[in-house]
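# Results of the structural survey
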Amino acid sequence: MSRKKIVVAYSGGLDTSVMVKWLSERYDAEIITVTGNLGETAELEGLEEKAAKTGAAKSYVVDLKKEFITEYVWSALKAGALYEGSYPLATAIGRPLLAKLLADIALAEGADTVAHGCTGKGNDQVRFEVGLQTLAPDLSILAPLRTWEFKSREEEIDYAIEHNIPVKVKKDSPYSIDENLWGIAIECGVLEDPTQAPPEDAYQLTINPKDAPETAETVTILFEKGVPVLLNNSVSDPVQIVSTLNKIAGKHGVGRLDNIENRVVGIKSREIYEAPGATVLHKAHLELEKLILDKDSFRYKQQVSNTVANLIYDGLWFSPLFKALMAFVDSTQENISGEVVLSLHKGNVTVLSRDSKFSLYRKDLATYTEDDTFDHKAAEGFLKIYGLPFKTQSQIFAKIEVTV
Ligand code: ARG
């Protein structure tokens, strides 16, 4: 009989490096590491060799940047998905794609188990495991960090040294950082005290707005069917659009967030986020929708945006409700095509101009000048009927001496 195969979600950091060795010993299994590149700035080079030295039989490092942006990030952008009103969900959008990669490789390799390095109180375990259960329901899932004997980072480091696991044990940042093209999440250390402002060294991608350039910078974004297709009349590659905007907006201190948020597992956590490109793109996209969507669709979509954001956050990307709501979202995006010009200045994003051939804005209806074509007299009859239910209620209540 061939040996058991375990596919491991691998980042090359301390936890997943120790996990590879620990699993191979405990289960006498062949370990296959899998790393998806979602555009983090951290070095992914040499990861295969590192995995091999740690005891992996085989390793995959897969560039998912394009798929991440076009199939995942653009969906969230079209949906206007901002968790609890502001977090653009970078980590939460990345996890389902990584779950899909793990499932695909596990099935192709004939493995029956997938292991991940998430802890027992985060959201990421939920996103991985619900994704895996949906995409490959017969796979078993292992989450060693929830059960293993190591109580601290130091104990893991001792184990790594004992087993010749090559981990860079640097006195590294006191923060736990998760990054991809859509943004970065920073946790731990002093950030755990919500009464304290984040120290400057917590921020990785953006300049403090007070140190940002005195002069504003303008960006022009062209959208087609709700998706950015051209930045500054020159950048058309989806990955480049996001990474270029991250640089430009980051330089102007745009996209910093300091949030208290509700986790899936019932606790509140304090999260620092930086999402310069996402902040600009959400603002521009919403602006076009304001210009183009009819009132009822716009209002209804706000509710859908909120539900989609909750579903993404809660690890339900592959759920039937998510699919159904995205069908609604896509239908609303049919005419979301046009151009938005924004100004970036010391942490602020301001819309300078918006234009679309589908714009429902009519100057002759909106103007207060003599060019006005709006039928003011018609408002009189409209209001008689529009206010009728309330007038009726007040009249009836007056008779029976009830106040509204
Ligand atoms: N709180 C954020 C989320 O749930 C960020 C999580 C960051 N993940 C991590 N493993 N550090 O999406």
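Further up the page is the structure itself.
Let me sum up the structure you'll find in this document. Quantities reported herein were computed from a predicted structural model and do not represent experimental measurements. (Residues numbered from 1 in each chain as written. Predicted model: local features only at pLDDT ≥ 70, side-chain atom pairs only at ≥ 80, totals over all residues. Heavy atoms only, no water.)

What follows covers the environment of Gly255. Mapped onto the elements of the fold, Gly255 is located in the loop between helix H7 (238-251) and strand E10 (256-262). The exposure class assigned to Gly255 is buried, which follows from its relative accessible area of 8%. Once the C-alpha coordinates of Gly255 and Ala278 are considered, the two residues, 23 residues apart in sequence, prove to be 7.7 Å apart. Once residues within four sequence positions are removed from consideration, Gly255 is found in contact with Tyr273, Glu274, Ala275, Pro276 and Thr279. (Helix = DSSP H or I, 4+ residues; strand = E, 2+ residues; numbered from the N terminus. Buried < 20%, exposed > 50% of the residue type's maximum accessible area, 1.4 Å probe, protein only. Contact = heavy atoms within 4.5 Å.)

Quick look at the packing of aromatic side chains now. Counted by the stated rule, this structure contains 10 aromatic pairs. A ring pair is formed by Trp22 and Trp148, whose centres lie 5.8 Å apart and whose planes are at 70°; its orientation type is edge-to-face. Taken as a pair, Trp22 in helix H1 (residues 14-27) and Trp148 in the loop between strand E5 (140-142) and helix H6 (153-162) lie far apart in primary sequence, 126 residues in all. As far as burial versus exposure is concerned, Trp22 and Trp148 are alike and both buried. Centroid distance Trp148 to Phe150: 4.9 Å. Interplanar angle 80°. Geometry classified as edge-to-face. Chaining the aromatic ring pairs together yields one cluster made of Trp22, Trp148, Phe150 and Tyr159. The ring of Tyr313 carries the charged tip of Arg127 above its face, separated from the ring centre by 4.9 Å. Lying over the aromatic face of Tyr203, Arg256 brings its terminal NZ or CZ to 3.6 Å of the ring centre. (Phe/Tyr/Trp six-rings, centres within 6.5 Å; stacked < 30°, edge-to-face > 60°. Lys NZ or Arg CZ within 6 Å of the ring centre and 35° of its normal.)

Here the focus is unusual backbone geometry. At Glu84, a position not held by glycine, the phi torsion is positive, near 45°. Since its relative accessible area comes to 37%, Glu84 is described here as partly exposed.

Turning next to helix H10 (residues 320-332). Relative to the 18 Å expected for 13 residues at 1.5 Å per residue, H10 spans 19 Å between its end C-alpha atoms, a close match to the ideal helical length. Regarding H10, the residues found buried are Phe322, Leu325, Met326, Val329 and Thr332. Seen from one end, H10 has its buried residues packed into an arc of 110°, which puts them on one side. Within H10, the exposed residues directed more than 90 degrees away from the buried face are Pro320, Lys323, Ala327 and Ser331. Residues of H10 that are buried in the fold lie against helix H3 (65-79) and helix H9 (295-313). (Expected span 1.5 Å × (residues − 1). Arc of directions from axis to C-beta.)

In the vicinity of the ligand, 15 residues are found, and the nearest of them are Tyr87, Asn123, Asp124, Arg127 and Glu261. Within the side chain of Glu261, one N or O atom sits 2.7 Å away from a nitrogen atom of the ligand. Between the ligand and Tyr273 there is a distance of 3.1 Å, counted from a nitrogen atom to a side-chain nitrogen or oxygen. A total of 350 Å² of accessible area belongs to the ligand in isolation, and the protein chains cover 87% of it. At the level of elements, helix H4 (90-109), helix H5 (124-135), strand E6 (176-180), strand E7 (183-187) and strand E11 (268-274) are the ones that each hand at least two residues to the shell around the ligand. For the shell around the ligand, the element with the most residues is H4, which contributes 3 residues. (Near = heavy atom within 4 Å. Polar contact = N/O pair within 3.5 Å; in protein donor to acceptor, adjacent residues only side chain to side chain. Areas by Shrake-Rupley, 256 points an atom, 1.4 Å probe, with all protein chains shown as cover.)

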